[in-house]
Amino acid sequence: MRDRAEVVDALYRFGLGQDIRDRELFASSFAVDAELDFRPVATKFGLSFPLMTGRESIVDTILGTLASIDTTHVVTNPRVELAGDTARLTAIVEAQHLPSEDHSRHLLLKNRYAVDLVRDGDRWVMRRVHIDKVWHTGEPAVLFGS
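None of the values given here were measured: they were computed from a predicted structure. (Residues numbered from 1 in each chain as written. Predicted model: local features only at pLDDT ≥ 70, side-chain atom pairs only at ≥ 80, totals over all residues. Heavy atoms only, no water.)

J.: What am I meant to see in the sheet that holds strand β4 (residues 86-99) here?
T.: Note: strands within a sheet are paired through backbone hydrogen bonds, in either parallel or antiparallel orientation. Overall, mixed pairing links the six strands, which are arranged β2-β1-β6-β5-β4-β3 in an open sheet. With one partner strand each, in any of the chains shown, β2 (52-53) and β3 (69-83) form the two edges of the open sheet. Sheet analysis places strand β1 (residues 30-37) next to strand β6 (residues 123-138), joined by four bridges and oriented parallel. By the bridge assignment for β6, Glu35 is matched with Arg128. Strands β1, β3, β4, β5 (107-120) and β6 of the sheet are contacted by helix α1 (residues 2-19), whose axis makes an angle of about 165 degrees with β3. (Pairing = 2+ DSSP bridges. Helix = DSSP H or I, 4+ residues; strand = E, 2+ residues; numbered from the N terminus. Contact = heavy atoms within 4.5 Å. Axes fitted to C-alpha atoms, helices over the stretch in contact; angles between N-to-C directions.)

Shown next, in the form of structure tokens:
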């Protein structure tokens, strides 16, 4: 049970690290060679978005994008499959985005996450994160610009 909780904790660190702008906490959720695939979400909005690779690049890109946006991430329905020092996590993540200077506008995303993780010492880290949008409400421009 401890490994299952630690696997889910990687996704909690991912969400909370963004929400409280804690670079170290956010970075701790990723393997050095991590990949984050937000392309399925972007495609559903008619946008082109590159595959993000490498922990530092992912952290810089995400935290830079959210610099003027207040966020809250809620993780539900986590399911974990363990196989030695690797794991597979699926979950639903609700991500609320509001411009820091104008909370009358928002973008709420409900996404499915499929995550491959590896054990890194006493902690689990995400190696591959695939995000796909289930539904949204609000203004995509809040996150993606005009």
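J.: Quick question: what am I supposed to make of the nonpolar core here?
T.: As a rule of thumb, soluble globular proteins bury nonpolar side chains together. Leu11, Phe30, Leu36, Leu117 and Met126 are the most contacted members of the largest nonpolar core, which has 38 residues in total. Ignoring sequence-local partners within four residues, the contact set of Phe30 consists of Phe14, Leu36, Arg55, Ile58, Val59, Val125, Met126 and Val129. (Core = buried A, V, L, I, M, F, W, Y, C linked by side-chain atoms within 4.5 Å. Buried < 20%, exposed > 50% of the residue type's maximum accessible area, 1.4 Å probe, protein only.)

J.: I'm lost on the environment of Val59 in this one. Help?
T.: Within the secondary structure, Val59 sits in helix α4 (residues 55-65). Spatially, the C-alpha atoms of Val59 and Asn111 are 19 Å apart, while their sequence positions differ by 52 residues. Those residues within four positions of Val59 in sequence are excluded, and the remaining contacts are Arg23, Phe26, Ala27, Phe30 and Gly64.

J.: Just to check I follow, could you spell out the layout of surface pockets for this structure?
T.: Gaps between atoms show up when a probe of the same size as a water molecule is rolled over them. Taken as a whole, the largest pocket spans an internal volume of roughly 270 Å³. Around the largest pocket, the lining is made up of 19 residues, and of these Gln18, Phe38, Ile62, His97 and Leu143 lie nearest the centre. For the lining of the largest pocket, the elements supplying multiple residues, two or more each, are α1, α4, β4, β5 and α5 (141-144). For the lining of the largest pocket, the residue count by class is 13 nonpolar, six polar and no charged. (1 Å grid on protein atoms, 1.4 Å probe; cavity = no way out; pocket = protein on both sides within 12 Å on 5 of 7 lines; lining within 4 Å. Points joined across faces, edges and corners; volume = space filled by probe spheres on them. Nonpolar A, V, L, I, M, F, W, Y, C, P; charged D, E, K, R; others polar.)

J.: Is there a simple way to explain the side chain of Gln18 in this structure?
T.: One can find Gln18 in helix α1. When its relative accessible area of 4% is taken as the criterion, Gln18 is described as buried. Polar side-chain contacts of Gln18 include one of 3.1 Å to the backbone oxygen of Phe14. Excluding residues within four positions of it along the chain, Gln18 makes contact with Phe26, Ile62, Leu63, Leu66, Thr71 and His73. (Polar contact = N/O pair within 3.5 Å; in protein donor to acceptor, adjacent residues only side chain to side chain.)

J.: Sorry if this is basic, but what is going on with the pattern of salt bridges here?
T.: Should their charged atoms come close, side chains of opposite charge can pair. According to the stated counting rule, one finds 13 salt bridges in the structure shown. With a shortest N-O distance of 4.0 Å, Glu56 and Arg55 are connected by a salt bridge. Two residues, Lys110 and Glu94, come together in a salt bridge whose shortest N-O distance is 2.8 Å. In this pair, Lys110 is assigned in strand β5 and Glu94 in strand β4, connecting sequence segments 16 residues apart. Assessed through its relative accessible area of 19%, Lys110 is described here as buried. The class for Glu94 is partly exposed, based on a relative accessible area of 25%. (Salt bridge = Lys/Arg side-chain N within 4 Å of Asp/Glu carboxyl O.)

J.: Help me understand the pairing of β3, please; the structure alone is not making it clear to me.
T.: Successive side chains on a regular strand alternate, one facing one side of the sheet and the next facing the other. Sheet analysis places β3 next to β4, joined by 13 bridges and oriented antiparallel. When the bridges of β4 are listed, Thr76 appears paired with Ile92. Counted along the chain from β3 to the antiparallel partner β4, the turn is two residues long, and its residue Gly84 has a positive phi close to 65 degrees.

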